[in-house]
Amino acid sequence: MSAYDLLLKRRSVRAYTDKPVSNKQIEKILTAASYAPSAKGRQPFAFLAVTNPKIIQTLSQLNADVMRKANPDYQGDPFYGAPCVFGVLVLKDLPTRELDGAAAIENMLLAACSLGLGSCWINRAREVFETREGKEILNQAGIDSEAYTGIGFVIAGEAANGVSYEAASRKSVIGVIQ
Ligand SMILES: Cc1cc2nc3c(=O)[nH]c(=O)nc-3n(C[C@H](O)[C@H](O)[C@H](O)COP(=O)(O)O)c2cc1C
């Protein structure tokens, strides 16, 4: 598939099988993330890659706790049962932190798609990694929880059978001057 076709093919996947994401696949997604553009070329990223089901469950619960602040009845799994969860973090004092992080996240989604994996961008990383448990997970992984802020999560895995992912119709405003 051409890179251009890949851009159009990627869709958010919200149902997964239990098939593990291999270390090689994780490495490729992280390499793609590290090649994202960043303001002034700072590469201010920290990436957390989690396949440990207990840690994924803890992060999912922390994420759901944040969701419940807006929607007290929320009962779901914000990570949709994905076997691999990435946290994308950026040095917290940078004014471009969200922009830098977003560029890395998009690279990861596209890399996952190119490897035949489903993926989805998941919100609320900032709040999750501001909690005591979230910080402990970062520190356990060797990421300085005081230096970085969460920008987003990327979940990845084998898409469950029978789930189809159609792109919504496009509605960008485009102005052309020739
Ligand atoms: C900033 C941002 C936050 C998102 N957060 C979530 C999320 O928390 N949960 C989720 O299921 N999808 C999330 N998404 C995925 C969008 O819902 C998805 O991209 C959109 O519905 C379009 O679908 P597509 O990715 O298949 O084109 C997020 C996307 C972006 C860009």
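Residues numbered from 1 in each chain as written. Predicted model: local features only at pLDDT ≥ 70, side-chain atom pairs only at ≥ 80, totals over all residues. Heavy atoms only, no water.

The name an unreviewed UniProt entry gives the protein chain is Nitroreductase domain-containing protein, with Ileibacterium valens as the organism. Under the UniProt heading Sequence similarities (unreviewed entry), the note attached to the protein chain is "Belongs to the nitroreductase family." (UniProt positions renumbered as here; feature names shortened; annotations may be inferred.)

Q: Could you clarify how one ought to interpret the overall build of the protein chain in this entry?
A: Counting its secondary structure elements, the protein chain contains 6 helices and 4 strands. When the elements of the protein chain are put in sequence order from the N terminus, they spell out α-α-β-α-β-α-β-α-α-β. For a compact globule of 178 residues, the expected C-alpha radius of gyration is about 16 Å, and the protein chain comes in at 16 Å, within 12% of that figure. Along the first, second and third principal axes, the C-alpha set of the protein chain runs to 50 × 45 × 35 Å. Taken across its 178 residues, the protein chain has 40% of its residues classed as buried. The long-range fraction of contacts in the protein chain, counting pairs at least 24 apart against all pairs at least 6 apart in sequence, stands at 81%. Accessible area of the protein chain: about 10400 Å², with a carbon and sulfur share of 50%. Looking at charge distribution, the protein chain has the averaged site of its 20 positive side-chain charges lying 4 Å from that of its 18 negative ones. (Helix = DSSP H or I, 4+ residues; strand = E, 2+ residues; numbered from the N terminus. Rg over C-alpha atoms; globule rule 2.2 N^0.38 Å. Buried < 20%, exposed > 50% of the residue type's maximum accessible area, 1.4 Å probe, protein only. Contact = heavy atoms within 4.5 Å. Areas by Shrake-Rupley, 256 points an atom, 1.4 Å probe, with all protein chains shown as cover. Lys, Arg positive; Asp, Glu negative; His and termini not counted. Charge placed at Lys NZ, Arg CZ, Asp CG, Glu CD.)

Q: Can you walk me through the site of the ligand in this structure?
A: Close to the ligand lie Arg10, Arg11, Ser12, Arg14, Tyr80, Cys120, Trp121, Ile122, Asn123 and Arg124. At 2.8 Å, a side-chain N or O of Arg11 approaches an oxygen atom of the ligand. Between an oxygen atom of the ligand and a side-chain N or O atom of Ser12, the distance comes to 2.6 Å. Looking at the shell around the ligand residue by residue, the class counts come to 4 nonpolar, 2 polar and 4 charged. (Near = heavy atom within 4 Å. Polar contact = N/O pair within 3.5 Å; in protein donor to acceptor, adjacent residues only side chain to side chain. Nonpolar A, V, L, I, M, F, W, Y, C, P; charged D, E, K, R; others polar.)

Q: Just to check I follow, could you spell out the UniProt feature "domain: Nitroreductase" (unreviewed entry) in the protein chain for this structure?
A: Within the UniProt annotation, "domain: Nitroreductase" (unreviewed entry) is assigned to residues 8–126. Across residues 8–126, the secondary structure splits into 44% helix and 16% strand, with the terminal C-alpha atoms separated by 29 Å.

Q: Got a minute to help me understand the environment of Ile143 in this structure?
A: Checked against the element boundaries, Ile143 lands in the loop between α6 (132–140) and β4 (148–157). Once the C-alpha coordinates of Ile143 and Ala46 are considered, the two residues, 97 residues apart in sequence, prove to be 7.0 Å apart. In this view, Ile143 contacts Ala46, Phe47, Leu48, Leu138 and Tyr148; residues no more than four positions away in its chain are not counted.

Q: Help me understand the pairing of strand β2 (residues 84–91) in this model?
A: As a general feature of sheets, a regular strand has side chains that alternate between the two faces. When you tally the buried positions in β2, you get 7 out of 8 residues, the bulk of the element. Relative to β2, strand β1 (residues 45–50) is paired through 6 bridges, and the arrangement is antiparallel. The partner of Leu48 across the bridge, within β2, is Gly87. With 8 bridges connecting them, β2 and β4 associate as antiparallel partners. When the sheet's bridge partners are listed, Val90 is paired in β4 with Thr149. (Pairing = 2+ DSSP bridges.)

Q: Quick question: what am I supposed to make of the nonpolar core here?
A: One broad trend across soluble globular proteins is that nonpolar side chains are buried collectively. Leu48, Leu59, Phe79, Val128, Phe129, Phe153 and Ile155 are the most contacted members of the largest nonpolar core, which totals 24 residues. Elements represented by at least two residues in this core include exactly β1, α3 (53–70), β2, β3 (118–122), α5 (125–128), α6 and β4. Sort the elements by how many residues they give to this core and α3 lands first, with 5 residues. What Leu48 contacts, discounting residues up to four positions off in sequence, is Leu59, Val85, Phe86, Gly87, Leu89, Phe129, Ile137, Leu138, Ala141 and Ile143. (Core = buried A, V, L, I, M, F, W, Y, C linked by side-chain atoms within 4.5 Å.)

Q: Sorry if this is basic, but what is going on with the packing of helix α2 (residues 23–34) against helix α4 (residues 97–114) here?
A: Any two packed helices are characterised by the angle at which their axes cross and by the distance between the axes. Across the interface, α2 lies against α4 with an axial gap of 8 Å and an inter-helix angle of 145°. Relative to α4, α2 is oriented so that their crossing is right-handed. Packed against α2, whose contacting residues are Ile29, Leu30, Ala32 and Ala33, the element α4 presents Ala104, Asn107, Met108, Ala111 and Ala112 at the interface. Residue composition of the contact of α2 with α4, grouped by class: 8 nonpolar, 1 polar and no charged. (Axes fitted to C-alpha atoms, helices over the stretch in contact; angles between N-to-C directions. Left-handed = near helix turned anticlockwise from the far one by under 90°.)

Q: Which parts of the structure should I look at to understand the pattern of salt bridges?
A: Charged atoms that come close allow side chains of opposite charge to pair. Per the counting criterion, the structure on display carries 6 salt bridges. Of the charged contacts, one joins Arg126 and Glu127 as a salt bridge, the two residues approaching to 3.7 Å between their closest N and O atoms. A salt bridge links Arg126 to Glu130; the nearest nitrogen and oxygen atoms lie 3.4 Å apart. Since its relative accessible area comes to 40%, Arg126 is described here as partly exposed. Overall, the relative accessible area of 47% leaves Glu130 in the partly exposed class. Among the charged side chains, a salt-bridge network with shared partners connects Arg126, Glu127 and Glu130. (Salt bridge = Lys/Arg side-chain N within 4 Å of Asp/Glu carboxyl O.)

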